[in-house]
Amino acid sequence: MIEFTLEVDASGLNCPLPLLRLKKALMEVQSGDVIKIIATDPAAHLDIGVYVDQTGHQLLKLTRQVNVQIFFIRKK
């Protein structure tokens, strides 16, 4: 299991809200901290993946379960 600093539950939220919740959480943590974000929006991996690539944060792990995606993202 990956240790994380902050958990964001974006369950039930549709695009772009999971990404906006992630952006807000990134402002609350320090460089090197890990955020766990839970999303039920089936397209969340697209939005979050592109955002992470463009901003230099690190996607440590993406787990897809039935109707749920769990991301672990390290802030740059």
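Being a predicted model, the structure only gives us computed values, none of them experimental.

About the thresholds
- Residues numbered from 1 in each chain as written.
- Predicted model: local features only at pLDDT ≥ 70, side-chain atom pairs only at ≥ 80, totals over all residues.
- Heavy atoms only, no water.
- Helix = DSSP H or I, 4+ residues; strand = E, 2+ residues; numbered from the N terminus.
- Buried < 20%, exposed > 50% of the residue type's maximum accessible area, 1.4 Å probe, protein only.
- Core = buried A, V, L, I, M, F, W, Y, C linked by side-chain atoms within 4.5 Å.
- Contact = heavy atoms within 4.5 Å.
- Pairing = 2+ DSSP bridges.
- Expected span 1.5 Å × (residues − 1).
- Arc of directions from axis to C-beta.

Q: I'd love a proper account of the environment of I37, names of residues and values included.
A: As for its position among the elements, I37 is in strand β2 (residues 34-39). Of the residues examined, I37 reaches a relative accessible area of 0% and is grouped as buried.

Q: Which residues make up the nonpolar core, and what values do they have?
A: With 17 residues, the main nonpolar core has L22, I35, I37, I48, F71 and I73 as its most contacted residues. Among the elements of the structure, β1 (6-10), α1 (17-28), β2, α2 (44-55) and β4 (68-74) are those that each provide at least two residues to this core. For I73, the residues in contact, after removing those within four places along its chain, are L22, D33, V34, I35, I37, I48, V52, H57, Q58 and L59.

Q: I'd like a rundown of the pairing of β4, residues and numbers included.
A: The buried fraction of β4 amounts to five of the seven residues, a majority that puts the element mostly inside the structure. Note that β2 and β4 share six bridges and pair antiparallel. Across the sheet, residue A39 finds its bridge partner in β4, namely Q69. Of the strand pairs in this sheet, strand β3 (residues 58-65) and β4 are connected by seven bridges, and their pairing is antiparallel. In the sheet register, Q58 faces β4, and the bridge partner there is R74. Remark: two residues form the turn of the hairpin made by β3 and β4, two consecutive strands paired antiparallel; N67 in that turn has positive phi of roughly 65 degrees.

Q: Hey, could you go over α2 for me, with residue numbers and the actual values?
A: Note on helix geometry: an α-helix contains 3.6 residues per turn, so any two residues three or four positions apart are oriented the same way. With twelve residues, α2 ought to run about 16 Å at 1.5 Å a step, and its terminal C-alpha atoms sit 16 Å apart, in line with that. Those residues of α2 lying buried are A44, I48, Y51 and V52. In an axial view of α2, the angular spread of the buried residues amounts to 100 degrees, which keeps them on one side of the axis. Residues D53 and Q54 are exposed on α2 and point more than 90 degrees away from its buried face.

Keep in mind these numbers describe shape, not what the thing actually does.
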